[in-house]
Amino acid sequence: MDNYLTGGYSEPCGQCAAVEWGVSDGGQFFCKNCHNVIEKTRDVEDYSVLHSRNNRISDIKRPKKKSSEDEREWMVCEGFQFILKHQAKALVNLGVCMKFETEVLWNFWKRYLQNTRQAFTEKSVYTPRFTVYMKPTSEPESDTQSELSYNSSDVTSHTEPSLSGVSTDMPSSLCSEAYQHSYTLMNMPRTLALCYLSLLWVREAITLADLLRMVSERRIPYMDIQEIFPEEMRLFGRDVQVFRVWHLPSYSVVHREALHLAQILQLPTFPTISQDCLLHPLPLTIRYLLDANLPDALHVWVHKVIMGAAMDSESYLTFDPTKHNPRLLRYEIQAVAVIIVAMKILFKLDDHAEWKLSEEAAKQKKKEVFRLKRWFEMVQPVLEKARQNKEREEALRKWKPTNPFITSLQRKCLILKKRRVADYLEQRFHKLTDSAPDQLPSTSNPYSSFRFSWGSEEGSDGPSMCNSRLYCTSKKDGFKNLANRKYWHPELTLCPKGLCGNHFSEIEPWLPRMYSWVLDLFSFILGVRPAEVHEGVLNVERRFISRNHHSKIEWTYHSLTKKVKSKTATCVAKENGTDITDSV
């Protein structure tokens, strides 16, 4: 068949000197050995054969069988390339710079194809294919169908544009069969991980929590991914499992995949995270202070915790995949953890000291004094209402997509019938109740990175407390001291790696209720589990206390001397004491 298409063309390839020519769907000659595309094309009189829209693509589990003239092959990586293209377009529409799509994400994707030996290599491995069924039509090819082959010729090209700071001519260190292993296969969570790495490279002020929130609000295509594919393209059978999404991936899963992809891509050190970058803890903590309606004066103490824990250095903040055990920081979780540690220093958060300090602050003659009790009474109903609205929005979303996946011919009629019955029952219900269906928030509305809106404007969640003064010092013998003179923390001993998991469910009953509520507030703001925020607090406390165990820390009005009295050697949290003494 190939000899018939190539017409006996026997010139050696200019790249590898092999004589193994094939003809692409566009009629171009390419080398089967190194995938080098040459300028020679095949003369075809009937182009309807080459550009037929009634294409069929081979199964992902088996090599392609002999196909007819109306069939066409698609690689799995081309499907993910199409998804990444639409995810990048959505992020650019939300305000991300164009460099993210054109110079970073696209080059990361090509580097992934090269290092997994799917393309951009002289000896590529077998790439799985997936099957689609096209609707036969005589109309010209639509724009959507042309987008599906977005730079598809580049996938089989041998040359790769260079990425600033990334060596693109580096030979792949993966074995020839690496793609057949699950740790290199692209999947849906890894598309988000690749987008996050690209956002981190261009130092965009979009955290991983923000990215997952955009996905959950359907601003970035991920759920019901079949809706963005062209209408004439339908996945069928086993191929459905490649792109089917059952639920939104968790924060920890995408974070782990991003670290894993960085190692596969063999990326160099990322651009420096300095104070002019919004991922730095200093500007990032200001954002979460505003979102939680906490006073700006608390940022002074947040800054002291950051300095005391040495968390402001560029070497600590910048992601460096070239290290032996690379560490990808969870920037947003670290920022809220620093805020919680500062609140524990000032108010203790042990269900006793914070309320006593709040009552003493209420006796002050000065106005606009921050009181933790008033803050709690203001934020708690707003948090509960926001949680109910979120649950309501999720309940209003359709439980099945408009175009469901068809896994087999035997189930096709049943699946389509269930879809029709569900739509019919929904229409009848609204007709009987004489009510219009509730509308979900439109994704075309401007995106806000804040969960809450505090201020005196109409539609705000409540009055703002950002300009409140902190009452956190007391005078004794002419000296100023912190009103709270004790700091408690759970057991900070790390569990043996690989032997223990997260113990939050075990220690949560022992934790003070006020501390648990603060964890719950910030976990809702970030969209992560409270256990992950608690683990971030422990990490900050480990760094802070270990660096200041044998020396005093100079504060504005006091110094912090470490006196840990551990009550247990287990992982169960118990209250330990640390004296807070004056330094003046």
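It should be emphasised that the depicted structure is a prediction, and the values quoted were computed from it without experimental measurement. (Residues numbered from 1 in each chain as written. Predicted model: local features only at pLDDT ≥ 70, side-chain atom pairs only at ≥ 80, totals over all residues. Heavy atoms only, no water.)

1. Comments concerning the overall build of the protein chain
The cut-off we apply is this: Going along the chain from the N terminus, every DSSP run of H or I of four or more residues is numbered as a helix, and every run of E of two or more is numbered as a strand. By the convention used here, residues are in contact when the closest approach between their heavy atoms is within 4.5 Å. Accessible surface area values rest on a Shrake-Rupley calculation with a 1.4 Å probe, where residue burial reflects the displayed protein chains alone.
When its secondary structure is counted, the protein chain shows 19 helices and twelve strands. In the protein chain, the proportion of contacts linking residues at least 24 apart, taken out of those at least 6 apart, comes to 73%. Counting every atom, the protein chain has about 30,200 Å² of accessible surface; 50% of that belongs to carbon and sulfur.

2. A few points about unusual backbone geometry
Selection criterion: Categorising residues by exposure relies on relative accessible area from a 1.4 Å probe, with only protein chains included: less than 20% of the type maximum marks a residue as buried, more than 50% marks it as exposed, and the intermediate range marks it as partly exposed.
Positive phi, close to 55 degrees, is recorded for Arg203, a residue that is not glycine. Among the residues examined, Arg203 registers a relative accessible area of 29% and is labelled partly exposed. One non-glycine residue with positive phi stands out, namely Leu349, at about 55 degrees. With respect to the helices and strands, Leu349 occurs in the loop between helix H13 (331–347) and helix H14 (353–362). Assessed through its relative accessible area of 0%, Leu349 is described here as buried.

3. Points about the side chain of Asn484
Worth spelling out the cut-off: Two N or O atoms count as a polar contact when they lie within 3.5 Å, although within protein this holds only if one can serve as hydrogen donor and the other as acceptor, and sequence-adjacent residues are included solely when both atoms are side-chain atoms.
With respect to the element layout, Asn484 can be found in the loop between strand E9 (479–482) and helix H17 (504–507). Owing to a relative accessible area of 5%, Asn484 belongs among the buried residues under this scheme. Polar contacts involving the side chain of Asn484 include one to the main-chain carbonyl oxygen of Lys344, which spans 3.4 Å. A polar side-chain atom of Asn484 sits 2.9 Å from the main-chain carbonyl oxygen of Lys486.

4. Overview of the packing of H14 against helix H15 (residues 372–396)
Condition: Axes here mean lines fitted to C-alpha atoms, for a helix over just the part in contact, with angles spanning 0 to 180 degrees between N-to-C directions. Roughly parallel means an angle under 35 degrees; roughly antiparallel, over 145; roughly perpendicular, 65 to 115; everything else is oblique. Residues are sorted three ways: Asp, Glu, Lys and Arg are charged, Ala, Val, Leu, Ile, Met, Phe, Trp, Tyr, Cys and Pro are nonpolar, and all the rest, Gly among them, are polar.
The interhelical angle for the contact between H14 and H15, taken along N-to-C directions, is 105 degrees, at an axis separation of 7 Å. Overall, the two elements H14 and H15 adopt an arrangement that is roughly perpendicular. Contacts between H14 and H15 involve Glu354, Trp355 and Ser358 from the former and Leu372, Lys373 and Phe376 from the latter. Of the residues contributing to the contact of H14 with H15, the split by class is three nonpolar, one polar and two charged.

5. Points about the nonpolar core
Here is the rule we go by: The criterion is simple. A nonpolar core is a set of buried Ala, Val, Leu, Ile, Met, Phe, Trp, Tyr and Cys residues joined through side-chain atoms within 4.5 Å.
Of all hydrophobic cores here, the largest spans 133 residues; its most connected members are Trp109, Leu294, Leu298, Trp375 and Phe522. With 14 residues, the single largest contributor to this core is H13.

6. Some remarks on the packing of helix H7 (residues 208–216) against helix H9 (residues 251–265)
Just so we agree on the cut-off: The handedness criterion is simple: a crossing whose near helix is rotated anticlockwise from the far helix by less than a right angle is left-handed, and one whose near helix is rotated clockwise is right-handed.
The N-to-C vectors of H7 and H9 enclose an angle of 120 degrees; their axes lie 10 Å apart at closest approach. Looking at the two axes, H7 sits oblique to H9. Relative to H9, H7 is oriented so that their crossing is right-handed. Between H7, through Leu208, Ala209 and Leu212, and H9, the contact on the second element is made entirely by Tyr251, Val254 and His255. Looking at side-chain class alone, the contact of H7 with H9 contains five nonpolar, one polar and no charged residues.

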